[in-house]
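Working through the structure, step by step
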Amino acid sequence: MAFDDEIRAQLVETVHRFVAEKCVPLEGQVGDEDKVPGSIVAEMKELGLFGLAVPEEYGGLGLDMETECLVAFELGRTSPAFRSVVGTNIGIGSQALVLFGTQEQKTRWLPGIASGDLVASFALTEPEAGSDAAGLKTRAIRDGEHYVLNGTKRYITNANVADVFTVMARTDPDTPGAKGVSAFVVPADTPGLSVGAPEKKMGQQGAHICDVNFDDARVPAENRIGAEGEGFKVAMSVLDKGRLHISAVCVGVAERLIREMVNYALEREQFGKPLAEHQLIQAMMADSQAETYAARCMIMDAARRRDAGERVTMLASSCKLFASEMVGRVADRAVQVFGGAGYVADYGIERFYRDVRIFRLYEGTTQIQQIVVARELARAAQKGEL
Ligand code: CAA
């Protein structure tokens, strides 16, 4: 839905207040307890956050990409674990259904995903297929009106609380690479599907990733999303959008860290004056601001182009590449401006430093984004479009 400016501003302001008043005070607790409180999840449901990207006819807000990114900027202004609660429902867990699902699949799953009563998760990565996603080995072998799934998915966000998975599996074992892959919507209570224990991670405590195992899990053929052999393209299309969303979250975190470092630099005095008056500190603050602003502008441009119907594969990867690296640099500078206090847990800066590291890895590493951008450039040049 294309929002008028007033409604859009109200929504962004509401999320801004929710983040500032409800999430920020709980950051330390979430980090220590590795859990986002149920009361926060309930408020997220009330605000409609789970359904940001689900069309209105299925109970969501049906935001356009530009507005979704504006909301993601705000969600980024606190520990990323909060965003992760709703992240898979907004993005990679729901979008295969939104973009490629049948009417029946949408009607069955999207209302619950939009309300947050169902948690949706995206199962692509495997122990031996990370960046080389088309090398996935999980099989889905047709048996009458079912497919029988066998294999293991790895590091699957929100798997431990998921009600439904988008699963990419190989329907044609004789066809290697992308062409043998199909996508499925798989309920978490399917017999033969089991979820492993959450992994211990470097950061983002409160957000969980687990293995998902398929042991002769029978999935009705009607649960296939898109045509047989088209599952890799389904996954990549979902990731095009997801990468833009993650980029916007990176900008939100960077803006939060800039606020923290500037406030600290104004208060803390060394050599007889506030840190903020020392030019080497000013350089760190200014570089952080300029890079964050650049990322924000890129993301807005890419989002608007996607809303206008343009293919944004290269732009989404450019945004993810720049924004995730940028927030890593900003977090590093924030630690530097805080000095010793930046390394001490009480100030929360070291937690952000750990939290942002994953942005350069998930939904495609920096190196994968570089590959995508370079390939898209070559394709455009070959078509005479550069
Ligand atoms: N949209 C639609 N179709 C696409 C596409 C896109 N963005 N990108 C590729 N395709 C199509 C191609 O056109 C091609 O189809 P044709 O043969 O018909 O032309 C097919 O898909 C295969 O594409 P490639 O030949 O480019 O495939 P590849 O094997 O060379 O690699 C890749 C592509 C870009 C490296 C891809 O594997 C990739 O993005 N890897 C990273 C995977 C990734 O991001 N994983 C993150 C997992 S999710 C996650 O992290 C979330 C979580 O839970 C934490």
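Procedures and definitions
Residues numbered from 1 in each chain as written. Predicted model: local features only at pLDDT ≥ 70, side-chain atom pairs only at ≥ 80, totals over all residues. Heavy atoms only, no water. Helix = DSSP H or I, 4+ residues; strand = E, 2+ residues; numbered from the N terminus. Rg over C-alpha atoms; globule rule 2.2 N^0.38 Å. Buried < 20%, exposed > 50% of the residue type's maximum accessible area, 1.4 Å probe, protein only. Contact = heavy atoms within 4.5 Å. Areas by Shrake-Rupley, 256 points an atom, 1.4 Å probe, with all protein chains shown as cover. Polar contact = N/O pair within 3.5 Å; in protein donor to acceptor, adjacent residues only side chain to side chain. Axes fitted to C-alpha atoms, helices over the stretch in contact; angles between N-to-C directions. Parallel < 35°, antiparallel > 145°, perpendicular 65-115°, else oblique. Left-handed = near helix turned anticlockwise from the far one by under 90°. Nonpolar A, V, L, I, M, F, W, Y, C, P; charged D, E, K, R; others polar. Near = heavy atom within 4 Å. Domains from an automatic or database assignment. Buried area = accessible area lost by both parts, 1.4 Å probe. Phe/Tyr/Trp six-rings, centres within 6.5 Å; stacked < 30°, edge-to-face > 60°. Lys NZ or Arg CZ within 6 Å of the ring centre and 35° of its normal. Expected span 1.5 Å × (residues − 1).

A separate point is the overall build of the protein chain. Scanning the protein chain from N- to C-terminus turns up 13 helices and 10 strands. What you see for the protein chain is a C-alpha radius of gyration of 21 Å, in line with the 21 Å of a compact globule of 386 residues. Every one of the 386 residues in the protein chain was classed for burial, and the buried ones make up 54%. The long-range share in the protein chain, meaning contacts at least 24 apart out of those at least 6 apart in sequence, stands at 76%. If you sum the accessible surface of the protein chain, you get close to 16,900 Å²; carbon and sulfur atoms cover 51% of it.

For Asp211, the position within the fold is in strand 7 (residues 209–220). Residue Asp211 is classed as buried on the basis of its relative accessible area of 13%. Side-chain polar atoms of Asp211 contact the side chain of Arg154, separated by 2.8 Å.

Relative orientation of the contacting elements helix 8 (residues 231–267) and helix 10 (residues 313–338) amounts to 20 degrees, with a least axis distance of 8 Å. The angle between the axes of helix 8 and helix 10 places the two elements in the roughly parallel class. Read as a crossing pair, helix 8 and helix 10 show a hand that is left-handed. In terms of residue class, the contact of helix 8 with helix 10 is built from 21 nonpolar, four polar and five charged.

This paragraph deals with the site of the ligand. Taken together, the neighbourhood of the ligand is formed by 25 residues, with Ser131, Lys233, Arg243, Glu363 and Arg375 sitting nearest. Take Arg375: an N or O atom from its side chain is 2.7 Å from an oxygen atom of the ligand. In the complex, 75% of the free accessible area of the ligand, which totals 1,100 Å², lies under the protein chains. Of all elements in the fold, only strand 3 (146–157), helix 8 and helix 13 (366–382) reach the threshold of two or more residues within the shell around the ligand. Across the shell around the ligand, the residue classes tally to 12 nonpolar, seven polar and six charged. Shared between two domains, the shell around the ligand takes at least three residues from each, and those domains are domain 2 (120–228) and domain 3 (233–382).

Its domain assignment divides the protein chain into domain 1 (5–115), domain 2 (120–228) and domain 3 (233–382). Measuring from the centre of the C-alpha atoms in domain 1 to the corresponding centre in domain 2 gives 23 Å. The interface of domain 1 with domain 2 comprises 22 residues on the first partner and 19 residues on the second. When domain 1 packs against domain 2, the two sides together hide about 1,600 Å² of surface, and 59% of this comes from carbon and sulfur. If you sort the residues of domain 1 by the area they bury against domain 2, Asp34, Gln105 and Trp109 come out on top, with a joint share of 30%. Breaking the side of domain 1 that touches domain 2 down by element, the ones donating at least two residues are helix 2 (27–33), helix 5 (80–90), helix 6 (95–100) and helix 7 (103–115). Looking at which element gives the most residues to the side of domain 1 that touches domain 2, the answer is helix 5, with six residues. When the residues that make up the side of domain 1 that touches domain 2 are grouped by side-chain class, the tally is 11 nonpolar, eight polar and three charged.

As a further point, take unusual backbone geometry. Although it is not a glycine, Asn158 sits at a positive phi angle of roughly 65 degrees. On the accessibility criterion, Asn158 (6% relative accessible area) is buried.

The next point concerns the packing of aromatic side chains. Following the criterion strictly, the structure yields five aromatic pairs and no others. Judged by centre distance (6.2 Å) and plane angle (70 degrees), the ring pair of Phe338 and Tyr347 falls under edge-to-face. Accessibility expressed as a relative area gives 6% for Phe338, which makes it buried. According to the relative accessible area criterion, Tyr347 is partly exposed, its value standing at 45%. Members of the aromatic cluster, connected to one another through ring pairs, are Tyr264, Phe338 and Tyr347. Its guanidinium or amino end placed over the ring of Phe73, Arg296 lies 4.1 Å from that ring's centre, counting from NZ or CZ.

Our next topic: helix 7. One turn of an α-helix holds 3.6 residues; hence residues three or four places apart share an orientation. When the terminal C-alpha atoms of helix 7 are compared, their 18 Å separation across 13 residues agrees well with the 18 Å that a helix rising 1.5 Å per residue should span. Those residues of helix 7 that fall on the buried side of the exposure criterion are Gln105, Lys106, Trp109, Leu110, Gly112, Ile113 and Ala114. Turning to helix 7, the residues buried within the fold contact helix 5, helix 6, strand 1 (120–123), strand 4 (164–170), strand 5 (181–187) and strand 8 (224–225). Of the residues one or two after helix 7, Gly116 is the one with positive phi, at around 90 degrees.

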